[in-house]
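This is what each chain is made of:
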Amino acid sequence: MAHETIAIIGRGLAGLTLGFRMVQAGYQPTLFGAARGPDNASRCAQGIVCNKGLIFADSPLFRAKLQSLKKLEDWLSSVEKASGLAIPRTWTGVDEPYWSADDFQKTFQRVYRGNFWGCYRPQNRPAKDWLSDFRTPEGYVHYPDDAWFDVDATMNSLEKACELKGATFIDSDVTELKTLLDRYDHTIIAAGAGSMELLKALKLEVPKSFQVAGQSLVWKHQPEATPRILVKATLSLAVLSDRKILGSSSWKPDPHHPHDIALDRDQLLDQGAAAFGFPRPSSDVVESNWGTRLRFADRMPALGLWPEQPKLSVLTGFYKNGLQLADLCAEQLLCELQGEPLSEFGEAFHVSRFFRSGRRAPGSPPRHCPLSRSEHKAGT
Ligand SMILES: Cc1cc2nc3c(=O)[nH]c(=O)nc-3n(C[C@H](O)[C@H](O)[C@H](O)COP(=O)(O)OP(=O)(O)OC[C@H]3O[C@@H](n4cnc5c(N)ncnc54)[C@H](O)[C@@H]3O)c2cc1C
């Protein structure tokens, strides 16, 4: 067992995924923050992971998403095995309906940006087998490798797996980063939308970032035999055995003008009903979940040792991609902390990209490694 004391701030998907990597590697981190609450973006994610068949990508962000989707189901199995808690999921593909010939063209132009970028196995299907109480579209595009998993269950499972291997949870928020830096050998900020505030309080210069709030909706329905996962442009709908999950909207939070959540919910329901053809439920049976995501200007996450702060790292800025990228980024952060070389993605997402003085030369060895290697090996 490694001896270093480690604090992780944030119990969203990023913090818990890193916690899981760490306990697998023989560390016993302490995780700070509330398990649930409106600040937790992960608990309101619909759980749909959808790359629409793309196999070539021109940016590291998309390359990372393509690569991590292939490993996601094995990762979920390993979390299930370590915790003993089931994670409901469906890996039978995702469908995108189209309502006219024109809509078909628009759908493909949007997916492939008017070019052929390389796509794997999408099929254009007639809507014979469409959902019985939905309006029937002209047809739909089936993306066979895309999937849905229950994010809430995954997080419960991650918490359990961490706890079983000796991680500690402290329910309160961190108000003073400095106290943790003094008390722990190493501190990692995985606090989602709250990450930059913690750094600013330490008077550190932080990169430009944006907060983007969003809402997803859940309502019960008559039991369905088979789950069906749908997307339409930026909207998505999971039709599960007992409930539907629709998401998501986006808005810029403004402390002076609180967002009208009820109006946003009603608009999202209208858009969803038009995009997917489901019978619109009345608003009062719909549960609303909302949270805030952190986005950097280049839309990529940020991981790694904070320049000039050997006791501090970050794992944040997942924006809309946390479900696919959390484990890949947690693995890369752990590599750096243990002095191992980073992959293409660890280099591309490294936080030093924001600082001219602190920029890592790609392929360069870590300047210091705060954690000793334990005999355990992280990984799935
Ligand atoms: C409505 C909605 C739908 C989404 N749907 C999808 C989807 O279908 N697919 C997908 O890939 N992504 C989706 N996302 C994005 C995804 O949820 C995020 O990328 C991911 O969950 C971010 O995880 P995180 O751990 O970085 O942040 P969070 O889940 O927000 O976790 C950060 C945690 O840190 C805590 N915290 C903040 N400050 C402090 C502090 N000072 N002390 C202690 N704790 C602190 C917060 O309370 C929170 O619990 C969605 C997001 C939203 C909002």
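Residues numbered from 1 in each chain as written. Predicted model: local features only at pLDDT ≥ 70, side-chain atom pairs only at ≥ 80, totals over all residues. Heavy atoms only, no water.

1. Regarding the domain arrangement of the protein chain
(1) Moving on: Per the domain assignment, the segments of the protein chain are domain 1 (6-85 + 151-208 + 298-354) and domain 2 (90-149 + 210-294).
(2) Moving on: Using only C-alpha atoms to locate each centre, domain 1 and domain 2 end up separated by 26 Å.
(3) Moving on: Listed as interface residues are 32 residues of domain 1 and, on the opposing side, 39 residues of domain 2.
(4) Moving on: For the pair domain 1 and domain 2, the summed buried surface comes to about 3100 Å²; carbon and sulfur atoms form 63% of the total.
(5) Moving on: On the domain 1 side of the interface with domain 2, the three residues burying the most area are Gln46, Ile48 and Lys52, jointly 24% of the side's total.
(6) Moving on: Across the contact surface, domain 1 and domain 2 share one salt bridge.
(7) Moving on: One salt bridge in this structure joins lysine 52 and glutamate 96, with 3.1 Å as the shortest N-O distance.
(8) Moving on: At the boundary of domain 1 and domain 2, one finds twelve residue pairs in polar contact (both at pLDDT 80 or more).
(9) Moving on: When residues in the side of domain 1 that touches domain 2 are grouped by element, the largest group, four residues, is from helix α2 (residues 60-83). (Domains from an automatic or database assignment. Contact = heavy atoms within 4.5 Å. Buried area = accessible area lost by both parts, 1.4 Å probe. Salt bridge = Lys/Arg side-chain N within 4 Å of Asp/Glu carboxyl O. Polar contact = N/O pair within 3.5 Å; in protein donor to acceptor, adjacent residues only side chain to side chain. Helix = DSSP H or I, 4+ residues; strand = E, 2+ residues; numbered from the N terminus.)

2. Here's the deal with the packing of α2 against helix α8 (residues 322-337)
(1) Moving on: As a packed pair, α2 and α8 sit with axes 8 Å apart at the nearest point and diverge in direction by 85°. One finds that α2 runs roughly perpendicular with respect to α8. Contact residues: Leu61, Ala64, Lys65, Ser68, Leu69, Leu72 and Trp75 in α2; Leu323, Gln324, Leu325, Asp327 and Leu328 in α8.
(2) Moving on: The class makeup of the residues in the contact of α2 with α8 is eight nonpolar, two polar and two charged. (Axes fitted to C-alpha atoms, helices over the stretch in contact; angles between N-to-C directions. Parallel < 35°, antiparallel > 145°, perpendicular 65-115°, else oblique. Nonpolar A, V, L, I, M, F, W, Y, C, P; charged D, E, K, R; others polar.)

3. Structural notes on the sheet that holds strand β8 (residues 147-149)
(1) Moving on: Read from one edge of the open sheet, three strands run β3-β8-β4, paired in antiparallel fashion. Where the open sheet ends on each side, the last strands, each with one partner, are β3 (48-49) and β4 (89-90).
(2) Moving on: Across two bridges, β3 lies against β8 in antiparallel orientation. Residue valine 49 lies in a different strand from β8, and its bridge partner there is alanine 147. (Pairing = 2+ DSSP bridges.)

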